[in-house]
Amino acid sequence: MQRAVTDFGADHAFGLVSKKLQEHYGIGLSVSTVRVLTEHHAGQIYQAEQRITDQPQADSCKILIGEVDGSRVPIVKVDEDADDKRKNKTLRRKEARLCLVHKAGSTTPTFGATFSGTVTDAGQQFYHCAVQAGFGKGSHLHGVGDGAMWIADQIDEQFGAQGSYLIDFYHICDYLAAAAKSCAPQHEKAWMDKQKDRLKQNGYPSVLEELDAFLESDTVESQNAPVRACYRHIKNRTHQLDYQAALAQGLPIGSGEIESAH
């Protein structure tokens, strides 16, 4: 419905849109609602275009490395009405999202952070951080993260075709290590090394085939099904496992920088 309102609102006076909605869809909306919806989406288009035009036209860095992650910061709230401020304290946790970007080969990152707001706010901070680090029209951002869906979504939303996302290799290895206890209880390390080598050569189909032979039943509770968890984690993220290309370009496959920064 919002798409229809916006399409009409972009072409006609807001007063006419109410009549057209009634005629075409049998929907009755006030002129003020039509105006609010149309101007809201117009604002979003403007912001998207502004991000594009804000990119430096020249002297942009070809490849940048970007990482972003969140952590839960403990916040203590004191009861201001209490006679003894040492008592009646409550502890809550608030998520802080930190990002860093630097040119490939550089060890001097540009940092950005948000301590409130949405993941979109964090994504926009990430984008501005990249621009400050040299991101422009001819740039590509190589993003690495721990597998959180919001990170991949924000790289896609903020950078589009100019960005790519790779799941932290050691994060994947944590899943493999748990699965190794069931797949190769007598030689876990050798089994792990083999799967790691396969992943670095983009051989995830072979890893999935190896795991498939040891999959637990769906009736087994999640905490007792490490092979199933590993299998699903890899299978659902095959488009984020291009370690071979990253290694060939000398780019990182781990997100240790942002973990250390936190």
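Residues numbered from 1 in each chain as written. Predicted model: local features only at pLDDT ≥ 70, side-chain atom pairs only at ≥ 80, totals over all residues. Heavy atoms only, no water.

*Asks:* I would appreciate a short explanation of helix α7 (residues 188–200) in the present structure.
*Replies:* Given 3.6 residues per turn, any residue in an α-helix points the same way as the ones three and four places further on. When the terminal C-alpha atoms of α7 are compared, their 18 Å separation across 13 residues agrees well with the 18 Å that a helix rising 1.5 Å per residue should span. Burial in α7 covers these residues: Trp-191, Met-192, Gln-195 and Leu-199. Projected down its long axis, α7 carries its buried residues within an arc of 100 degrees, all on one side. At its buried positions, α7 is contacted by α6 (169–183), α8 (204–212) and α10 (243–248). Backbone geometry just after α7 places Asn-202 at a positive phi near 60 degrees. (Helix = DSSP H or I, 4+ residues; strand = E, 2+ residues; numbered from the N terminus. Expected span 1.5 Å × (residues − 1). Buried < 20%, exposed > 50% of the residue type's maximum accessible area, 1.4 Å probe, protein only. Arc of directions from axis to C-beta. Contact = heavy atoms within 4.5 Å.)

*Asks:* Please explain the pairing of strand β2 (residues 90–103) as it appears in this structure.
*Replies:* The two faces of the sheet receive side chains in turn, since in a regular strand these alternate between them. In this structure, strand β1 (residues 63–77) lies alongside β2, joined through 14 bridges in antiparallel fashion. The residue bridging Lys-77 from the neighbouring strand is Thr-90, located in β2. Taken together, the five bridges between β2 and strand β3 (residues 110–114) define a ladder with antiparallel strand orientation. Considered in β3, the bridge of Leu-98 is made with Ala-113. Linkage of β2 to β3, two consecutive antiparallel strands, is achieved through a turn of six residues, within which Gly-105 is found at a positive phi near 95 degrees. (Pairing = 2+ DSSP bridges.)

*Asks:* How should the layout of surface pockets be read in this particular structure?
*Replies:* Unoccupied space between atoms shows up once a probe the size of one water molecule is rolled over them. Taken as a whole, the largest pocket holds about 350 Å³ of empty space. Surrounding the largest pocket, 21 residues form its lining, His-140, Gly-163, Ser-164, Tyr-165 and Leu-166 being those nearest its centre. Within the residue set of the lining of the largest pocket, elements represented by two or more residues are β4 (140–145), α5 (149–159), β5 (163–167) and α10. When the residues that make up the lining of the largest pocket are grouped by side-chain class, the tally is nine nonpolar, nine polar and three charged. (1 Å grid on protein atoms, 1.4 Å probe; cavity = no way out; pocket = protein on both sides within 12 Å on 5 of 7 lines; lining within 4 Å. Points joined across faces, edges and corners; volume = space filled by probe spheres on them. Nonpolar A, V, L, I, M, F, W, Y, C, P; charged D, E, K, R; others polar.)

*Asks:* Any chance you could explain the packing of aromatic side chains here in plain terms?
*Replies:* To describe a pair of aromatic rings, one takes the distance between the centres and the angle between the planes. The full count for this structure, using the stated rule, is six aromatic pairs. Summarising the aromatic geometry, the rings of Phe-135 and Phe-159 are spaced 5.2 Å apart at their centres and angled 80 degrees between planes, so their arrangement reads as edge-to-face. Taken as a pair, Phe-135 in the loop between α4 (119–133) and β4 and Phe-159 in helix α5 lie far apart in primary sequence, 24 residues in all. In this structure Phe-159 comes out as buried when scored by relative accessible area, which is 5%. The ring centre of Trp-150 lies 5.3 Å from the NZ or CZ of Arg-97, which sits over that ring. (Phe/Tyr/Trp six-rings, centres within 6.5 Å; stacked < 30°, edge-to-face > 60°. Lys NZ or Arg CZ within 6 Å of the ring centre and 35° of its normal.)

*Asks:* Which parts of the structure should I look at to understand the nonpolar core?
*Replies:* For soluble globular proteins, the rule of thumb is that nonpolar side chains tend to be buried together. Counting residues in each nonpolar core, the largest one holds 45 residues, and the members touching the most others are Leu-176, Trp-191, Leu-211, Ile-234 and Tyr-243. Counting residues per element, this core draws most heavily on α6, at seven residues. Here Trp-191 is in contact with Leu-176, Ala-179, Ala-180, Cys-183, Ala-184, Glu-210 and Leu-211, once residues within four sequence places are set aside. The next biggest cluster of nonpolar side chains, apart from the first, holds seven residues, and it includes Val-5, Leu-21, Val-34 and Leu-37. (Core = buried A, V, L, I, M, F, W, Y, C linked by side-chain atoms within 4.5 Å.)

*Asks:* Looking at this structure, I do not really get the sheet that holds β1. What am I missing?
*Replies:* Sheet strands line up and pair through hydrogen bonds in the backbone, either parallel or antiparallel. Here we have five strands laid out as an open sheet, ordered β3-β2-β1-β4-β5, and mixed in their pairing. The open sheet has two edge strands with one neighbour each: β3 and β5. Between one strand axis and the next, the sheet turns through 25 degrees on average, direction left out of account. Note that β1 and β4 share five bridges and pair parallel. (Axes fitted to C-alpha atoms, helices over the stretch in contact; angles between N-to-C directions.)

*Asks:* It is not clear to me how the side chain of Thr-6 should be interpreted in this structure. Could you clarify?
*Replies:* Along the chain, the position of Thr-6 falls in helix α1 (residues 2–11). Each residue touching Thr-6, except ones within four places of it in the same chain, is listed here: Leu-37, Thr-38 and His-41.

*Asks:* Would you mind showing me how to read the packing of α1 against helix α2 (residues 14–25) here?
*Replies:* The packing of two helices is summarised by the inter-axis angle and the distance between the axes. Closest axis-to-axis distance for the α1/α2 pair is 9 Å, and the angle between their directions is 135 degrees. Viewed along their axes, α1 and α2 adopt a mutual orientation that is oblique. The two elements α1 and α2 cross, and the hand of that crossing is right-handed. Where α1 abuts α2, its residues Ala-4, Val-5, Phe-8 and Gly-9 lie against Phe-14, Val-17, Lys-20, Leu-21, His-24 and Tyr-25. For the contact of α1 with α2, a count of residues per class yields seven nonpolar, two polar and one charged. (Parallel < 35°, antiparallel > 145°, perpendicular 65-115°, else oblique. Left-handed = near helix turned anticlockwise from the far one by under 90°.)

Read these as layout, nothing more, since geometry by itself doesn't imply function.
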